[in-house]
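Residue-level structure breakdown
One letter stands for each residue in the lines below.
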Amino acid sequence: HGAEQLIVQRVLACRNVADGRKALILSAVVIFPLFLIFLLVGAMLWVFYQGHPFQIPLPETRPGSGIAANDFIFPIFMMTEVPHVLKGFLIVAILSAAMSSVSSALTSLASVSTMDFIKHVIPGRSEGFFLRFSKVSTVVWAAALIIVASLSRQVPFVLNAAFSLRGLTSGALVGGLALAIFWKKGRGIPVITAMSVSLAVMTLIQLLPRLDCTKALWMKVVGAEIFWPWYTLIGAIITLLTAWLVRRLLPPPAGTSTPASALPATSSCRG
């Protein structure tokens with residue numbers, strides 16, 4: 001939280017560095033109780049319907065639709081138990097939250113595509129060109145997200161799938177951020193290599209327990225499937241260790257002077 005482009009682009013909209021720090025700290029403080037409320041909704045609905053019957057029966061779901069019967073519990077609760085005044089607020093809140101999340105993701109993807117890739121590949125073009133490219137890339141990324149959403153219809157637990165995918169890159173992101181802050185004189189090659197290795201290893205950690213040809217070997221060696229809350233920690237450690245190892249193996253850059261402590265000692269020093 002605070003390291004990815006989704007949050008960084010909001011901080012960059014602040015007037016100065018002090019306001020950006022305040023916004024980032026406030027966001028980090030508020031996000032924890034907010035996610036706690038999200039996770040408690042399911043438990044609270046379960047407790048409520050232990051003593052209250054459904055006023056609308058749970059509809060039957062079609063096989064292969066990707067929708068479970070329990071997915072209808074919250075809409076039924078809103079339709080039958082929530083006061084009329086709050087129904088409109090809840091619907092508006094759900095739609096606004098969905099729209100703000102999608103717009104932030106599309107803006108982040110378009111910004112990274114334009115500023116971090118295309119602007120370096122084809123420099124010297126006008127700002128109007130990059131603005132048009134960002135608009136086109138927004139449409140392209142929107143289509144890509146629609147395809148991903150369609151492919152995810154068969155996922156039984158969206159939360160686990162989302163955080164598992166997020167965990168593939170979050171460790172590399174946190175490790176890269178730590179290297180950028182505390183390793184200010186380091187070279188770029190170890191960091192890029194370390195982040196790439198972290199992404200590859202985390203992808204294997206997620207895929208190997210699920211593939212039929214490697215599942216038995218994985219269970220024999222590791223003993224259990226690694227759950228997604230460990231992904232960020234493992235990925236960050238891999239990033240830091242790989243960057244340190246690559247830095248040790250790479251030759252020093254040209255023009256680097258030998259430190260005085262590394263010079264051979266002499267019996268006397270004159271002049």
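How each quantity is defined
In this numbering scheme, every chain counts its residues from 1 along its sequence in written order. In keeping with the model being predicted, local features are shown solely for residues with a pLDDT of at least 70 and side-chain atom pairs are shown and tallied solely at 80 or more, while totals for entire chains, interfaces and linings include all residues. Excluded from the side-chain calculations are hydrogens and water; all other atoms, namely the structure's heavy atoms, are used. All axes are obtained by fitting lines to C-alpha atoms, using only the stretch in contact for helices, and the reported angles, taken between N-to-C directions, cover 0 to 180 degrees. Secondary structure elements are defined from DSSP: runs of H or I of at least 4 residues count as helices, runs of E of at least 2 residues count as strands, and each element is numbered from the N terminus. Roughly parallel covers angles under 35 degrees, roughly antiparallel covers those over 145, roughly perpendicular covers 65 to 115, and oblique covers all other angles. Take the far helix as your reference; a near helix turned counterclockwise from it by less than a right angle gives a left-handed crossing, and one turned clockwise gives a right-handed crossing. Contacts are assigned to residue pairs with any non-hydrogen atoms lying within 4.5 Å of each other. Classes in brief: Ala, Val, Leu, Ile, Met, Phe, Trp, Tyr, Cys and Pro nonpolar; Asp, Glu, Lys and Arg charged; the others, Gly included, polar. Take the residue count of a helix, subtract one, and multiply by 1.5 Å to get its expected span. One axis is fitted to the seven residues ending at the residue and one to the seven starting there. The bend at that residue is the angle between these axes. Each residue is placed in one exposure class: buried if its accessible area under a 1.4 Å probe, protein chains only, is under 20% of its type's maximum, exposed if it is over 50%, and partly exposed if it falls in between. Each reported salt bridge corresponds to a side-chain nitrogen of Lys or Arg within 4 Å of a carboxyl oxygen of Asp or Glu. To form a nonpolar core, buried Ala, Val, Leu, Ile, Met, Phe, Trp, Tyr and Cys residues must be joined to one another through side-chain atoms within 4.5 Å.

**Comments concerning the packing of helix α7 (residues 188-207) against helix α9 (residues 231-249)**
In helix packing, the relevant descriptors are the interaxial angle and the interaxial distance, both defined with respect to the helix axes. Put simply, α7 and α9 touch, their axes get as near as 8 Å, and they point 140° apart. As far as their axial angle goes, α9 and α7 are oblique. Crossing of α7 against α9: the hand is right-handed. Taken together, the residues of α9 that come into contact with α7 (itself represented by Pro190, Thr193, Ala194, Met195, Val197, Ser198, Val201, Met202, Ile205 and Gln206) are Tyr231, Ile234, Gly235, Ile238, Thr239, Thr242, Ala243, Val246 and Arg247. Broken down by class, the residue content of the contact of α7 with α9 amounts to 12 nonpolar, 6 polar and 1 charged.

**Some thoughts on helix α4 (residues 84-121)**
Taking 1.5 Å per residue as the helical rise, α4 with its 38 residues ought to reach 56 Å, and the 55 Å between its terminal C-alpha atoms agrees with that figure. A maximum bend of about 30° is found in α4 at Thr114. Listing the buried residues of α4 in full gives Lys87, Ser104, Leu106, Ser108, Ala110, Ser113 and Thr114. Where α4 is buried, its residues meet α1 (5-11), α3 (73-80) and α5 (127-151).

**A few points about helix α6 (residues 158-182)**
Counted at 1.5 Å a residue, the expected span for α6 with its 25 residues is 36 Å, and the 36 Å between its end C-alpha atoms agrees. Residue Gly167 marks the point of greatest curvature in α6, where the axis turns by about 35°. In this fold, the buried residues of α6 make contact with α7 and α9.

**Comments concerning the pattern of salt bridges**
Tallied over the full model, the rule gives 2 salt bridges. One salt bridge in this structure joins Arg15 and Asp19, with 3.2 Å as the shortest N-O distance. Its relative accessible area of 78% is what places Arg15 among the exposed residues. Here Glu127 ties to Lys119 by a salt bridge, and the two come within 3.5 Å at their closest N and O atoms.

**Some points on the nonpolar core**
Ranked by size, the top nonpolar core spans 7 residues in total: Leu168, Met202, Ile205, Trp218, Ile226, Tyr231 and Ile238. Those residues in contact with Ile205 that lie beyond four places of it in its chain are Trp218, Ile226, Tyr231 and Ile234.

Any functional reading would require information that these geometric values do not contain.
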